[in-house]
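Summary of the model geometry
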Amino acid sequence: MVTVLREPVSRLLSHWMFWRKQQDDALAGWGGWGDYVRQARRPLGEFIAEPQVAAQTDNMTLRMLLWPHPMVPPDGFIDPAHDAELLREARRRLDGFALAEIVEGPIAPRLAAWLGRDFTYQRLNETADMPESQRTPLDRQLDAATLALLDDRSRLDLALWRGIALRHDGAAAVSLRRQTILAHVARYAALMATG
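A brief report on the enclosed structure follows. Per-chain numbering applies: the sequence of each chain, read as written, is numbered from 1 onward. Side-chain atom pairs in this predicted model are given and counted only at pLDDT of 80 or more, local residue features only at pLDDT of at least 70, and totals for whole chains, interfaces and linings cover all residues. Excluding hydrogens and water, the side-chain values take into account all heavy atoms of the structure.

**Overview of the environment of E132**
For clarity, the threshold we go by: Under the DSSP-based scheme used, a helix requires at least four consecutive residues in state H or I and a strand at least two consecutive residues in state E, with every element numbered from the N terminus. Working definition: with a 1.4 Å probe on protein chains only, accessible area under 20% of the residue-type maximum means buried, over 50% means exposed, and in between means partly exposed. Contacts between residues were defined by any pair of non-hydrogen atoms, one from each residue, lying within 4.5 Å.
Note that E132 resides in the loop between α8 (107-115) and α9 (138-141). Since its relative accessible area comes to 47%, E132 is described here as partly exposed. Along the chain, E132 and A100 lie 32 residues apart, while their C-alpha atoms are 38 Å from each other. Leave out the neighbours within four places in its chain, and E132 touches T194 and G195.

What follows is the structure, encoded as structure tokens:
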């Protein structure tokens, strides 16, 4: 088995953007799931504070590795009192993969080396536009309270991502994360710019 982790703050911002761009006509066939997706029309801070969508916003990588787990509520946030135990279990799961990588950095050559053949990495399923009705200046979304929530909702996933990043180049891991977040924030700010 192979898994690839994404820098968690960037993943969470991307998730909010992707859900936010969905219009009612596109959601008509989604049934009750559309109600969850519509939560992303709220400000970012409210969206990631909403327990109803916690399974999509609260340390989603760890949730996917351990689901189902008695310490991981399906409709609420993970209690920080369980962080150490959950991280131990998630790291054991990651160690069970034949290959665990991160999206950021030179993933194509590492996958090619592991596969023993050429590999071309393609960027697909990226949010390319935002309806005018859903645009809001991104800098107004990233206030201190929301930044604290972003940190909380990605704390466990960040520990997992950082563990893999450090295997490759410990000195560059912090810089790689910073560059990744800044690039995504700049891209999303452009998509959210109001006319």
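**Digging into the pairing of strand β1 (residues 2-5)**
Consecutive side chains along a regular strand alternate between the two faces of the sheet. What counts here: Two strands pair if DSSP finds at least two bridges between them.
Every second residue of β1 is oriented toward a common face, the buried set being T3 and L5 and the non-buried set V2 and V4. Sheet topology places β1 next to strand β2 (residues 99-102); 4 bridges connect them, and they run parallel. Bridged to L5 within β2 is I102.

**Thoughts on the packing of aromatic side chains**
We count it as follows: Each Phe, Tyr or Trp ring, with Trp reduced to its six-membered ring, pairs with another whose centre is within 6.5 Å; inter-plane angles below 30 degrees give stacked pairs, above 60 give edge-to-face pairs, and intermediate values give tilted ones. Whether a charge sits over a ring comes down to the Lys NZ or Arg CZ being within 6 Å of the ring centre and within 35 degrees of the ring normal.
Overall, the coordinates contain 3 aromatic pairs when judged by the stated rule. Seen in terms of ring centroids, W19 and W33 are 5.8 Å apart; in terms of plane orientation they differ by 90°. Their pairing is edge-to-face. Of the two residues, W19 sits in helix α1 (residues 8-20) while W33 sits in helix α3 (residues 33-38), which places them 14 residues apart along the sequence. Taking relative accessible area as the criterion, W33 reaches 38% and is therefore assigned partly exposed. Summarising the aromatic geometry, the rings of W19 and F47 are spaced 5.9 Å apart at their centres and angled 70° between planes, so their arrangement reads as edge-to-face. Here W19 is found in helix α1, whereas its partner F47 is found in helix α4 (residues 44-49), with 28 residues between them in sequence. Judged on exposure class, the residue W19 and its partner F47 are both buried. The ring of F77 carries the charged tip of R153 above its face, separated from the ring centre by 3.7 Å.

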